Every structure is written in C-alpha cells, then in structure tokens.
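# Examining the three-dimensional arrangement
Here's the letter readout for the chains.
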Amino acid sequence: MPLDLNFVVRSLPLFARGLVVTVELSLLAILFAMIWGLVVAFGRMSSHRLPHTLAGAYIEVVRDTPVLVQMYFIYFGFAMAGFGLSGFVSGLLALSLQNGGYVAEIYRAGIESISITQIEGGRALGMSRWGVLSSIVLPQALVRVIPPLANQSIVIIKDTSLVSAIAVAELTQTGKLLAERTAATYEVFLTLAVFYLALTGIVSGLSRLAERRFAIYH
C-alpha cells in the first residue's frame, strides 16, 4: 500500500499542536533536570554523611524504577491524596526527577575529572572554596559533560512520548488518536518518527556546536 502523502499534509496542523506540547514538555524537563541534577550532585559529593546518603539513595531509586511507573505514582498518587496534578505537570515532574538522577551522576563525573592540582592552585592563590568551584571547576566540568548531557536530553525528548499514557495531548498521543480515527497507522507513525528525529537531531547539532565553541576548556 503506497504512502498517502496527502493525508500527511492534511494532518500537519494536528501534528503541529502535539509538537508544541512535546517541545514545551521537553524544554522544561531538560531545564529542571539540569538544575535539580546539580543540586543532587552537590549532595552526592558532600563530605557530610546525611546529604551524601540521601542523594545516593535518591539516585538509586529514580534510576532503578521505570519513568512510566513514576508518572503513574505521581499522577494517581497525588489525586488519591486529594490534590491531583494535571497529566502535563505529572509527566514533567516524573521526567525531571528521574533524569535529574542521571544528570547528577554526569555532573559528578565531570567535576571529579578536574585535576586536584588546579583546585589546590586556586586555594593557594587565596580563592574561597566557592570561588574555586565556580571559576575553575564548574566551567571546565560543564564543557566536558556536554556530550552526555546532550544524550540525556535526547532521552528526555523520546520519553515525553510516555506521557500519552496519562492523557497528555503531545505528539505521540495526537498520533495515536489520529491513527484510531483514520486507520492510517503507517503514515501516522512514520510522521511521528520524522518529528522525533528532527527534534533529537537539533539537540545533537547544538551539542556539536557547543563542543567546538568551548573546545578551549578541554
């Protein structure tokens, strides 16, 4: 059966609405995961036992349970507690919290890759601990972790498709509903694949540009 390109063109406005939701969810989840991951990474590297233990336990829990289960837990759990969250917010929380655990380990690896002599040199010059961290360690560490952060961002973009399970009208949910109404399954999911490839391709391209731009820090 040949591909019905006319159907794809006619359906583009519907796909576009779902794409907007997917992009919004992806950008917010990436942003929150990057910020939260840094907080967890600092806890994981803390010399104090309590934050170190809590951060380590958190990372294990969120990384060792499926994000879809976490979405259901947040979506239905909050509703049972009497203050239900929307599917969008529930999906955003689940994606941010789980990927924050992965991002924390990425940050930790980057920070620990910085030579101790640079840190000692900064302290010998009279810099405070925060000064060394913000001026010497973090700029280099963040550049070194651009590739794994980009990979994690791509994972987040693909995992936004899972929020269709809690009735969020993003790209995949839009495609599923369209396929059910029209039976044009091949056209629908081929179009979805093209959209996701475009989104992840943009992230990969930006990652390569950032690596070249900040290559001086390697």
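So, here's what we can say about the structure.

Reading the values: the criteria
Residues numbered from 1 in each chain as written. Predicted model: local features only at pLDDT ≥ 70, side-chain atom pairs only at ≥ 80, totals over all residues. Heavy atoms only, no water. Axes fitted to C-alpha atoms, helices over the stretch in contact; angles between N-to-C directions. Helix = DSSP H or I, 4+ residues; strand = E, 2+ residues; numbered from the N terminus. Parallel < 35°, antiparallel > 145°, perpendicular 65-115°, else oblique. Left-handed = near helix turned anticlockwise from the far one by under 90°. Nonpolar A, V, L, I, M, F, W, Y, C, P; charged D, E, K, R; others polar. Salt bridge = Lys/Arg side-chain N within 4 Å of Asp/Glu carboxyl O. Buried < 20%, exposed > 50% of the residue type's maximum accessible area, 1.4 Å probe, protein only. Polar contact = N/O pair within 3.5 Å; in protein donor to acceptor, adjacent residues only side chain to side chain. Contact = heavy atoms within 4.5 Å. Core = buried A, V, L, I, M, F, W, Y, C linked by side-chain atoms within 4.5 Å. Patch = residues over 30% accessible without salt bridge, like charges linked within 9 Å, V, L, I, M, F, W, Y side chains within 5 Å. Areas by Shrake-Rupley, 256 points an atom, 1.4 Å probe, with all protein chains shown as cover. Phe/Tyr/Trp six-rings, centres within 6.5 Å; stacked < 30°, edge-to-face > 60°.

### Focus: the packing of helix α1 (residues 5-44) against helix α4 (residues 87-112)
Here α1 crosses α4 at 45°, and the two axes come no closer than 5 Å. Overall, the two elements α1 and α4 adopt an arrangement that is oblique. In this structure, the crossing between α1 and α4 has a hand that is right-handed. Of the residues assigned to the contact of α1 with α4, the class counts are 20 nonpolar, five polar and four charged.

### Digging into the pattern of salt bridges
What the rule picks out here adds up to three salt bridges. Residue glutamate 60 pairs with arginine 63 through a salt bridge whose shortest N-O separation is 3.6 Å. Of this pair, glutamate 60 and arginine 63 both sit in helix α2 (residues 49-63), separated by three residues, roughly a single helical turn. Owing to a relative accessible area of 27%, arginine 63 belongs among the partly exposed residues under this scheme.

### Some remarks on the side chain of glutamine 152
Among the structural elements, glutamine 152 can be located in helix α7 (residues 146-159). In terms of polar contacts, glutamine 152 uses its side chain to reach the side chain of asparagine 99, at 2.7 Å. Those residues in contact with glutamine 152, other than ones at most four positions away along the chain, are Asn99, Tyr102, Val103 and Ile106.

### Some thoughts on the nonpolar core
Membership of the largest hydrophobic core comes to 42 residues, with the highest contact counts inside it found for Phe15, Met71, Tyr107, Leu149 and Val188. Of all the secondary structure elements, the ones that give two or more residues to this core are α1, α2, α3 (67-80), α4, α7, α8 (171-182) and α9 (185-213). Not counting residues up to four positions away in its chain, the partners in contact with methionine 71 are Gly91, Ala94, Leu95, Asp159, Leu162, Val163 and Ile166.

### Side note on the packing of α4 against helix α6 (residues 129-144)
Across the interface, α4 lies against α6 with an axial gap of 8 Å and an inter-helix angle of 120°. When the axes of α4 and α6 are compared, the pair comes out oblique. The chirality of how α4 crosses α6 is right-handed. Taken together, the residues of α6 that come into contact with α4 (itself represented by Tyr107, Gly110 and Ile111) are Val137, Leu138, Ala141 and Leu142.

### What to know about a nonpolar patch on the surface
Taken together, Leu3, Leu5, Tyr186, Leu190 and Val194 make up a surface patch of nonpolar side chains, about 490 Å² in accessible area. In terms of residues, the nonpolar patch owes the most to one element, α9, which gives three residues. Secondary-structure assignment places tyrosine 186 in helix α9.

### Examining the packing of aromatic side chains
In the structure shown here, the tally under the stated rule is five aromatic pairs. Both rings, one in tryptophan 36 and one in tyrosine 58, keep their centres 5.7 Å apart while their planes meet at 85°; by these two values the pair is edge-to-face. Note that tryptophan 36 is positioned in helix α1 and tyrosine 58 in helix α2, a separation of 22 residues in sequence. Aromatic side chains tyrosine 72 and phenylalanine 76 sit 5.8 Å apart centroid to centroid with 35° between the ring planes, which places their arrangement in the tilted category.

### Digging into the environment of alanine 179
Mapped onto the fold, alanine 179 is located in helix α8. Relative accessible area serves as the criterion here: at 10%, alanine 179 is assigned to the buried category. Between the C-alpha atom of alanine 179 and that of valine 20, which follows or precedes it by 159 residues, the distance is 19 Å. Ignoring sequence-local partners within four residues, the contact set of alanine 179 consists of Ala184, Thr185, Val188 and Phe189.

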